[in-house]
Amino acid sequence: FRFVPGGRTLHAIGNPNKVTALNCYVLPSPSDSVPGIYKTAWELAETFKRGGGSGVDISSLRPKDSPAHNAARVSTGAVSFMELYSLTTGIIGQQGRRGALMLTISDSHPDVLDFCKVKRNRTAVRYANISVRVTDAFMKAVEQDDQWLLHYENPQDRIDVKTVIRARELWQELITGARNWSEPGCLFWSTIQRYSSSDRYSDMEVMSTNPCGEEPLEPYGDCCLGSINLAAFVTDPFTPNATVDLPSLDRAIRYSVRFLDNVLTWNEGRHPLKEQEDAALRGRRIGLGI
């Protein structure tokens, strides 16, 4: 137990059923249309059916009360479709467990205040984690008590929504939610872009993370995960002579990286979607944690 593969890997290897050995994926943001929204729901269902979790950013969807060129006349907004994705997650079973879902939204989306409040009645969006993608520009506006522009644009449908609020109004909703309801979380997106290789790794924009939030991924990107058990490398623990066996740790890290890359090879043909397989084999991303 110096290295422990991710739970999906342990479940999949040797399993005769059609299951993926990768923990989670990120799906592309849904197209701002009914077919696009339900395509994402279908892709989520396929991912959950094979045992994977997923992350989706809904900033691509038009805000509440913006024009809709159909019988509704106006849109119910990005937040309204969170329930669809949440229920999809809860319905598709995984042998006694449900799927895992992260829903994210930009700090500048006009529906972000509603997003922060959506789970406070304990009956809505029960099967998803939710997080706001927080930028440095927003945090600076909070510090200076400035105005903050909420903006959504869809030139194809001639939609251009702009609303100005106090930055601290949104900040108050974030910290109140964290204190009283444990959600939404904050993904400090500018920091992620500075320190993560994700946005330089692919020619596709990274928009969300896996459900646990530790890995920002390109559309259809995967989490091939495993962990090093650091406690196993301590010699003479709980004594004045306690040390870390660095040569053994070095060797374990190299073996673990090799192992996770082999999982990507083994999983060929077992991904829920072809696009996920293409992304995994193109980039061979792995996540080795502790």
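Bear in mind that the values here come from a model prediction, so they are computed numbers and not experimental data. (Residues numbered from 1 in each chain as written. Predicted model: local features only at pLDDT ≥ 70, side-chain atom pairs only at ≥ 80, totals over all residues. Heavy atoms only, no water.)

## Digging into the overall build of the protein
Put simply, the test is: Per the convention used, a helix needs a DSSP run of H or I reaching at least four residues, while a strand needs a run of E reaching at least two, with both numbered from the N terminus. Radius of gyration here uses only the C-alpha atoms, and the compact-globule reference equals 2.2 Å multiplied by the residue count raised to the power 0.38. Burial status follows relative accessibility: with a 1.4 Å probe on protein chains alone, a residue under 20% of its type maximum counts as buried, one over 50% as exposed, and anything between as partly exposed. In what follows, a contact means two residues having at least one pair of non-hydrogen atoms within 4.5 Å. Here, Shrake-Rupley sampling with a 1.4 Å probe gives the accessible areas, and only protein chains in the shown set may cover a residue. In this tally Asp and Glu are treated as negative and Lys and Arg as positive; neither His nor the chain ends contributes. The atoms used to mark charge sites are NZ of Lys, CZ of Arg, CG of Asp and CD of Glu.
Scanning the protein from terminus to terminus reveals ten helices and 17 strands. By the compact-globule yardstick of 19 Å for 290 residues, the protein fits well, its C-alpha radius of gyration being 21 Å. Projected onto its principal axes, the C-alpha positions of the protein cover 65 × 45 × 35 Å. Put simply, the protein has 290 residues, and 49% of those count as buried. Summarising the internal contacts of the protein: among those between residues at least 6 apart in sequence, 68% fall at separations of at least 24. For the protein, the computed accessible surface area is about 14,800 Å², with 54% contributed by carbon and sulfur atoms. Each charge sign in the protein was given a centre, from 33 positive and 34 negative side chains, and these centres are 5 Å apart.

## Remarks on the sheet that holds strand 1 (residues 3-5)
What counts, and what does not: What makes two strands pair is DSSP finding at least two bridges between them. The axes are straight lines fitted to the C-alpha atoms, using for helices just the contacting stretch, and the angles between their N-to-C directions are given from 0 to 180°.
In space, the three strands of this open sheet follow the order 1-14-17, with mixed pairing throughout. Each end of this open sheet is capped by a strand with a single partner; those strands are strand 1 and strand 17 (287-289). For this sheet, the mean inter-axis angle between neighbouring strands, taken without regard to orientation, is 20°. Contacts from helix 9 (residues 246-266) reach strand 1, strand 14 (225-228) and strand 17 within the one sheet, and its direction differs from that of strand 14 by about 170°.

## Considering the nonpolar core
The line we're drawing: Residue types Ala, Val, Leu, Ile, Met, Phe, Trp, Tyr and Cys, when buried and joined through side-chain atoms within 4.5 Å, form a set referred to as a nonpolar core.
Ranked by size, the top nonpolar core spans 39 residues in total, and within it I58, M82 and L103 carry the most contacts. If we ignore the near neighbours within four places in the chain, the residues touching L103 are V56, I58, M82, Y85, F115, V125, A128, N129, I130 and S131. L249, A252, L260 and L264 belong to the second largest nonpolar core, which has 15 residues in total.

## Here we look at the packing of aromatic side chains
Formally: Ring pairs shown here join Phe, Tyr and Trp side chains whose ring centres sit within 6.5 Å, with only the six-membered ring taken for Trp; geometry is labelled stacked below 30 degrees between planes, edge-to-face above 60, and tilted in between. Working rule: Lys NZ or Arg CZ, within 6 Å of ring centre, within 35 degrees of ring normal, means a charge sits over the ring.
Scanning the entire structure with this criterion turns up two aromatic pairs. Pairing F3 with F259 gives two aromatic rings, centres 5.2 Å apart and planes at 65°, and the pair type is edge-to-face. Separated by 256 residues along the polypeptide, F3 in strand 1 and F259 in helix 9 bring together distant segments of the chain. Exposure remark for F259: the relative accessible area of 35% places this residue in the partly exposed category. Across from the ring centre of W189, 5.2 Å away, lies the NZ or CZ of R133, which sits over that ring.

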